[in-house]
Amino acid sequence: MMNTQRQVLFDRWAAKYDSSVANAAGSFPFDGYERVLATVVEAADAKSSMTVLDIGTGTGQLAELFLAHACVVWGVDFSAEMLAQSRTRLPQIQFVQADLLAEAWPMLPAQFDCIVSTYVFHEFNLRTKVAILQRLVKQHLAPGGRLVIGDIAFPTVAGRSAAASRWVAEWDEDEFYWAADESVSAFQSAGLAFEYRQLSSCAGVFSLSPAASALFSKR
Ligand SMILES: C[S@@+](CC[C@H](N)C(=O)[O-])C[C@H]1O[C@@H](n2cnc3c(N)ncnc32)[C@H](O)[C@@H]1O
């Protein structure tokens, strides 16, 4: 069952989304947007023929970067209007409409070499983030595959609180921006060993170590 209220919000944003993220230097929440996407591609070690699943693909900006490396890309999103934008931009990619909160995605291939996502997981609280990522690793990541997530994030819980005071007008209390210290620790407890790198005033990238993903996939 899809989360209709959030879907409507993203459907309405779709036509203007690309202009929201362009020239966002210094502003919340898209300061460093291009650097975040480029770092996700670099951390994923994108190469020709690699299979990549882009979660919450939106208008397809991240998918496009992987396509430029000749990867075989699939994009998933629950917003029909976002998918309309991405299908127009990248007609050669397979896009699927699905909710991240669904228990399974039988319409997707069972395994990808790499799962990536940018600016999506702040939709979910920490517990849900962990549950979704555990499911994705178990159901769709090849043993030893990479999982890389770029999002609105801060190094620590204290840093996130300071940011909330700095960007009072822009801060959305209904969203769950990452604090790397608490997140890395929660993921560790769930068997997922993540590394974190801060890339801008309000964004960073989490990468699952390949060795950890190999261990997890065998369970
Ligand atoms: C801020 S946009 C990011 C788009 C793109 N990844 C980027 O970095 O530009 C968030 C995207 O996540 C999608 N999304 C949010 N919640 C979702 C959910 N529960 N299931 C599937 N997609 C979701 C939205 O429809 C939207 O396209």
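Note that the structure is a prediction, hence the values are computed from the model and not measured. (Residues numbered from 1 in each chain as written. Predicted model: local features only at pLDDT ≥ 70, side-chain atom pairs only at ≥ 80, totals over all residues.)

S.K.: What am I meant to see in the overall build of the chain here?
M.R.: Along its length, the chain carries nine helices and eight strands. For the chain, the C-alpha radius of gyration of 16 Å lies close to 17 Å, the compact-globule estimate for 219 residues. Projected onto the principal axes, the alpha-carbon positions of the chain cover approximately 45 × 40 × 35 Å. Across the 219 residues of the chain, 41% fall into the buried class. Considering only residue pairs separated by 6 or more positions, the chain has 67% of its internal contacts joining residues 24 or more positions apart. (Helix = DSSP H or I, 4+ residues; strand = E, 2+ residues; numbered from the N terminus. Rg over C-alpha atoms; globule rule 2.2 N^0.38 Å. Buried ≥ 20, exposed ≤ 12 C-beta atoms within 10 Å, placed from the backbone. Contact = placed C-beta atoms within 7 Å.)

S.K.: Which parts of the structure should I look at to understand the site of the ligand?
M.R.: In the region of the ligand, 20 residues are neighbours, and F10, G56, G58, S79 and T118 sit closest. Residue assignment for the shell around the ligand shows that the elements contributing at least two residues are α1 (4–13) and α4 (61–68). Per-class residue counts for the shell around the ligand are nine nonpolar, seven polar and four charged. (Near = placed C-beta within 6 Å. Nonpolar A, V, L, I, M, F, W, Y, C, P; charged D, E, K, R; others polar.)

S.K.: What am I meant to see in the nonpolar core here?
M.R.: Taken as a class, soluble globular proteins show a tendency for nonpolar side chains to be buried jointly. In terms of nonpolar packing, the biggest core is built from 55 residues, with V40 and F66 touching the most fellow members. The leading source of residues in this core is strand β5 (residues 141–154), at seven residues. Residues within four places of F66 in sequence aside, it is in contact with V41, A46, V52, C71 and V73. (Core = buried A, V, L, I, M, F, W, Y, C linked by C-beta atoms within 7 Å.)

S.K.: Even after reading the chapter, I still don't get the environment of S189, so can you show me in this structure?
M.R.: You can see S189 is positioned in helix α8 (residues 180–189). You can call S189 exposed: it has 9 C-beta atoms within 10 Å. Each C-alpha atom of the pair S189 and V130 lies 9.8 Å from the other, and the pair is 59 residues apart in sequence.

S.K.: Sorry, what's going on with α4 here?
M.R.: Each turn of an α-helix holds 3.6 residues, which means side chains three or four residues apart point in the same direction. Listing the buried residues of α4 in full gives Q61, L62, A63, L65 and F66. Where α4 is buried, its residues meet α3 (33–43), β1 (51–55), β2 (72–77), α5 (80–89) and β4 (112–118). A70 lies just past α4 and shows a positive phi near 60°.

S.K.: How should α8 be read in this particular structure?
M.R.: Of the residues making up α8, those classed as buried are A180, S183 and F187. Viewed along the axis of α8, the buried residues span an arc of 65°, placing them on a single side of the element. The exposed set on the far side of α8, more than 90 degrees from its buried face, consists of S185, Q188 and S189. (Arc of directions from axis to C-beta.)

S.K.: What is the right way to look at unusual backbone geometry in this model?
M.R.: Geometrically, the link from F28 to P29 is a cis peptide bond, its omega value of 10° lying close to zero. With respect to the element layout, P29 can be found in the loop between α2 (17–21) and α3. Here N23, not a glycine, exhibits a phi torsion of approximately 50°, which is positive. Mapping N23 onto the fold places it in the loop between α2 and α3. By C-beta crowding, N23 is classed as exposed, having 10 other C-beta atoms within 10 Å. Positive phi, normally seen in glycine, also occurs at D45, with a value near 55°. Tracing the sequence through the fold places D45 in the loop between α3 and β1. With 13 C-beta atoms packed within 10 Å, D45 lands in the partly exposed category.

S.K.: Looking at this model, I keep getting lost on the pairing of strand β3 (residues 94–97). Mind explaining?
M.R.: Two faces make up the sheet, and in a regular strand the side chains alternate between them. As paired strands, β2 and β3 are joined by four bridges and run parallel to one another. Bridge pairing in β3 places W74 opposite Q94. (Pairing = 2+ DSSP bridges.)

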